[in-house]
Amino acid sequence: AVHPDTFLKVAFTEEDLAQLPANADRDEWITRLWCAKEAHAKQAGEGITQPKSLKITAIEAETIFVNETPIHTIRHDGWIIAHTS
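First, a word on scope: everything that follows refers to the structure included in this document. Here the structure is a predicted model, which means the values were calculated and not measured.

1. Here's the deal with the nonpolar core
Argument step 1. Formed by 16 residues in total, the largest nonpolar core has its most connected members in Phe 12, Leu 33, Ile 56, Ile 59, Ile 64 and Val 66.
Argument step 2. Those elements that provide at least two residues to this core are helix H1 (5-11), helix H3 (26-43), strand S1 (56-60) and strand S2 (63-66).
Argument step 3. Top contributing element to this core by residue count: H3, with six residues.
Argument step 4. When residues no more than four places from it in sequence are discounted, the contact partners of Phe 12 are Phe 7, Leu 17, Ile 30, Leu 33, Trp 34, Lys 37 and Lys 52.

Given below as structure tokens:
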């Protein structure tokens, strides 16, 4: 799926997008970033009302750190799954 520019502008900061792995499927990784933000918000018992306040602080392999919290992501049968520990 192609992510419209309006979604990218609302959902991510430039710093978030700068974390995207080089030579990776951009659409897949944008989906991973969004799923990681959602998982982080749900872990906190909240929804995503201000997505840019959920900062992508690092990516290590398939683990995305949102506000320093590790969120594990995988691709399975064409789906992106994100979960907290």
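2. Here we look at unusual backbone geometry
Argument step 1. One non-glycine residue, Asn 23, adopts positive backbone phi at about 60 degrees.
Argument step 2. Along the polypeptide, Asn 23 turns up in the loop between helix H2 (14-18) and H3.
Argument step 3. For Asn 23, a relative accessible area of 84% puts it in the exposed group.
Argument step 4. Positive phi values are uncommon outside glycine, yet Glu 68 reaches one of about 75 degrees.
Argument step 5. Along the chain, Glu 68 falls in the loop between S2 and strand S3 (69-76).

Calculation rules
Residues numbered from 1 in each chain as written. Predicted model: local features only at pLDDT ≥ 70, side-chain atom pairs only at ≥ 80, totals over all residues. Heavy atoms only, no water. Core = buried A, V, L, I, M, F, W, Y, C linked by side-chain atoms within 4.5 Å. Buried < 20%, exposed > 50% of the residue type's maximum accessible area, 1.4 Å probe, protein only. Helix = DSSP H or I, 4+ residues; strand = E, 2+ residues; numbered from the N terminus. Contact = heavy atoms within 4.5 Å.

The values are spatial; any link to function lies outside them.
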